[in-house]
Amino acid sequence: YKHVIAMLTSVTSFIKRKVFRRDRDRWNHQYAHGKWAGLGALDELSRFSVIVGYAQHLKPGGTILELGAGEGVLQQRFNRDLYTQYVATDVSDVAIAQAKRFEDNKTRFAVADMNAYVPDQAFDVIIINEAIYYGGTVQRILDRYAAYLKPDGIFIVSINYDNGRNDTWHRQLESCSYAKLDRTVISTSKNTFYVTVLQQNPHADTASATVLAAATL
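Residues numbered from 1 in each chain as written. Predicted model: local features only at pLDDT ≥ 70, side-chain atom pairs only at ≥ 80, totals over all residues. Heavy atoms only, no water.

A.B. asks: Honestly, the pairing of strand S3 (residues 107-111) in this entry has me stumped. Any pointers?
C.D. replies: Each regular strand shows side chains that alternate between the opposite faces of the sheet. As paired elements, strand S2 (residues 83-90) and S3 share 5 bridges and run parallel to each other. Looking at S3, one finds that Val87 is bridged to Arg108. Where the polypeptide runs from S2 across helix H4 (residues 93-99) and back to S3, its parallel neighbour, the crossover connection is right-handed. (Pairing = 2+ DSSP bridges. Helix = DSSP H or I, 4+ residues; strand = E, 2+ residues; numbered from the N terminus. Right-handed = clockwise from strand over helix to strand, strands pointing away.)

Structure below.
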């Protein structure tokens, strides 16, 4: 009987992930089976270090939101003394359950879909580290979260090269309405990553501002 129940549970999980393509089930399966354990490896250190460097240099003592945080690997690269608050979200409750061991009075992890999450505060820095692909378009996800940036707040976005398969995302980033403050290209034994710092463009026209306001309603 237990064997039958286990088999039915496995089949149900497979159908959810492969047939219905439910994001949370797919991500939970991957995290439960250690697919993303490599994010803690040496070949990821340089990318994480660049992101941390930008955030702590440009907004020392700032408040930070990370979207698509997984098991909290990036947050562990930060010096906790150099931020006021760190909020990190991921759609996978399996990943967040692991990340919660890093929580303290300044650090919080929450299960949330980046396409539906509504922050309860504004942030100095919003990090989208290899997660922009799950927000529809670059412009859409930046517009959605621009309402939760403090004045002069910044986005930090990482997009990998993946042998040219992410060209569409790179083009979207280049054509979006946000000002590019800086970019670092990191080549590792695994991939090439483009980490870009963006800020709402103060010279955007009135029409663009209207679109932004509508997108955040």
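A.B. asks: How do you make sense of the pattern of salt bridges when you look at a structure like this?
C.D. replies: Side-chain pairs of opposite charge can arise whenever the charged atoms involved come near each other. Applying the stated rule across the entire model yields 8 salt bridges. One salt bridge in this structure joins Glu103 and Lys100, with 3.1 Å as the shortest N-O distance. Judged by its relative accessible area of 39%, Lys100 falls in the partly exposed class. Linking Arg165 and Asp162 is a salt bridge whose minimum nitrogen-to-oxygen distance equals 2.9 Å. By relative accessible area, which is 58% here, Arg165 ends up exposed. Judged by its relative accessible area of 26%, Asp162 is partly exposed. Overlapping salt bridges, with partners in common, bring together Asp43, Glu44, Arg47 and Lys190 in one network. (Salt bridge = Lys/Arg side-chain N within 4 Å of Asp/Glu carboxyl O. Buried < 20%, exposed > 50% of the residue type's maximum accessible area, 1.4 Å probe, protein only.)

A.B. asks: I would appreciate a short explanation of the packing of aromatic side chains in the present structure.
C.D. replies: Both the distance between ring centres and the angle between the ring planes are used here to describe each pair of aromatic rings. Using the criterion set out here, one finds 7 aromatic pairs in the structure. On the numbers, 6.2 Å between centres and 55° between planes, the contact of Tyr145 with Tyr148 is tilted. Looking at Tyr145, the relative accessible area reads 0%, which means it is buried. Ring pairing ties together the aromatic residues Phe78, Tyr83 and Tyr86, which thus form one cluster. The ring of Phe193 carries the charged tip of Arg47 above its face, separated from the ring centre by 4.3 Å. Above the face of the Tyr145 ring, Arg144 is positioned so that its terminal group lies 5.3 Å from the ring centre. (Phe/Tyr/Trp six-rings, centres within 6.5 Å; stacked < 30°, edge-to-face > 60°. Lys NZ or Arg CZ within 6 Å of the ring centre and 35° of its normal.)

A.B. asks: What is the right way to look at helix H2 (residues 23-32) in this model?
C.D. replies: Within an α-helix, residues lying three or four positions from one another point in the same direction, as the helix has 3.6 residues per turn. Looking at H2, one finds that the buried residues are Arg26, Trp27, Asn28, Gln30 and Tyr31. The first or second residue beyond H2 is Gly34, which carries a positive phi of 75°.

A.B. asks: What should I look at first to understand helix H3 (residues 45-58) in this one?
C.D. replies: When the terminal C-alpha atoms of H3 are compared, their 20 Å separation across 14 residues agrees well with the 20 Å that a helix rising 1.5 Å per residue should span. Along H3, the positions that sit buried rather than exposed are Arg47, Phe48, Val50, Ile51, Val52, Tyr54, Ala55 and Gln56. (Expected span 1.5 Å × (residues − 1).)

A.B. asks: What am I meant to see in the sheet that holds S2 here?
C.D. replies: Paired through backbone hydrogen bonds, the strands of a sheet run either parallel or antiparallel to each other. Taken together, 7 strands build an open sheet; the order of strands is S3-S2-S1-S4-S5-S7-S6 and the sheet is mixed. Every other strand in the sheet has two partners, leaving S3 and strand S6 (178-187) as the edge strands with one partner each. Across the sheet, the axes of successive neighbouring strands diverge by a mean angle of 15°, strand direction being ignored. As paired elements, strand S5 (residues 149-160) and strand S7 (residues 192-200) share 6 bridges and run antiparallel to each other. (Axes fitted to C-alpha atoms, helices over the stretch in contact; angles between N-to-C directions.)

A.B. asks: What is the right way to read the pairing of S5 from this model?
C.D. replies: Most of S5 is tucked away: 9 of the 12 residues are buried. Note that strand S4 (residues 123-129) and S5 share 6 bridges and pair parallel. Directly across from Ile127, in S5, lies its bridge partner Ile156. Read from S4 through helix H5 (residues 138-146) to S5, the crossover connection turns out right-handed.

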